[in-house]
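Breakdown of the fold
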Amino acid sequence: MKEEFYATIKLISGEEIFAQVTPCEEENRTLLILDTPVIFESIMIKHMGVNAMKVEPWIALSDDSMVIIDMNKVITISEVKNEQILCIYNKYLRDKDRDSNQTKVN
């Protein structure tokens, strides 16, 4: 098994996903093990006049954080080293299991 890395993956379906990727060779084919794949979307916050990044899970109703896809479903894969994107993704990972970011008042 090769070393893991962060990447943007363009699938033959047209979807673009971001994840920590670990390639794996199995039975004469390459599989990609994706850890917590997400979709990034650029949005405009109109009342503030700024652009922001919205992060959503790629598969919304799954409890598994690992997804395996076959390379034959991939058009291209590009390693991501952009610190801003990695920071946004890591913040999403920290916050994703919280019920709310609000503090309860006693």
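Residues numbered from 1 in each chain as written. Predicted model: local features only at pLDDT ≥ 70, side-chain atom pairs only at ≥ 80, totals over all residues. Heavy atoms only, no water.

Examining the pattern of salt bridges
As a reminder of what qualifies: Criterion for a salt bridge: a side-chain nitrogen of Lys or Arg within 4 Å of a carboxyl oxygen of Asp or Glu. For each residue, the accessible area found with a 1.4 Å probe, counting protein chains only, is set against the maximum for its type, and the residue is called buried under 20%, exposed over 50%, and partly exposed in between.
Counting across every chain of the model gives four salt bridges. Between Glu16 and Lys10 there is a salt bridge, with its nearest N and O atoms 3.7 Å apart. On the accessibility criterion, Glu16 (46% relative accessible area) is partly exposed. We note a salt bridge from Glu56 to Lys54, for which the minimum N-O separation is 3.0 Å. By relative accessible area, which is 34% here, Glu56 ends up partly exposed. You can call Lys54 partly exposed: its relative accessible area is 34%.

Digging into the pairing of strand S3 (residues 29–45)
Every other side chain in a regular strand lies on the same face of the sheet, so the side chains alternate between the two faces. Put simply, the rule is: Pairing between strands requires that DSSP locate at least two bridges from one strand to the other. Put simply, DSSP marks the helices as runs of H or I at least four residues long and the strands as runs of E at least two long, and each gets a number from the N terminus on.
With eight bridges joining them, strand S2 (residues 16–26) and S3 adopt antiparallel strand pairing. Bridged to Gln20 within S3 is Asp35. If you look at the hairpin formed by S2 and S3, you'll find two residues sitting between the two strands, and Glu27 has a positive phi there, around 50 degrees. Direction of pairing for S3 relative to strand S5 (residues 66–70): antiparallel, over a ladder of five bridges. Its bridge partner lying in S5, Ile33 is registered against Ile68. The sheet contact formed by S3 and strand S4 (residues 50–57) spans eight bridges and is antiparallel. In the sheet register, Ile43 faces S4, and the bridge partner there is Ala52.

Comments concerning the side chain of Thr36
The cut-off we apply is this: Whenever two N or O atoms come within 3.5 Å, that pair is a polar contact, provided that in protein one can donate a hydrogen and the other can accept it, and provided that, for residues adjacent in sequence, both atoms are side-chain atoms. Every residue pair with non-hydrogen atoms within 4.5 Å of one another is taken to be in contact.
Examined against the element boundaries, Thr36 turns out to sit in strand S3. A polar contact of 3.0 Å, which involves the side chain of Thr36, links it to the side chain of Asp35. Ignoring any residue separated from it by four or fewer positions in sequence, one finds Thr36 in contact with Phe18, Ala19, Ser65, Tyr89, Tyr92, Leu93 and Lys96.

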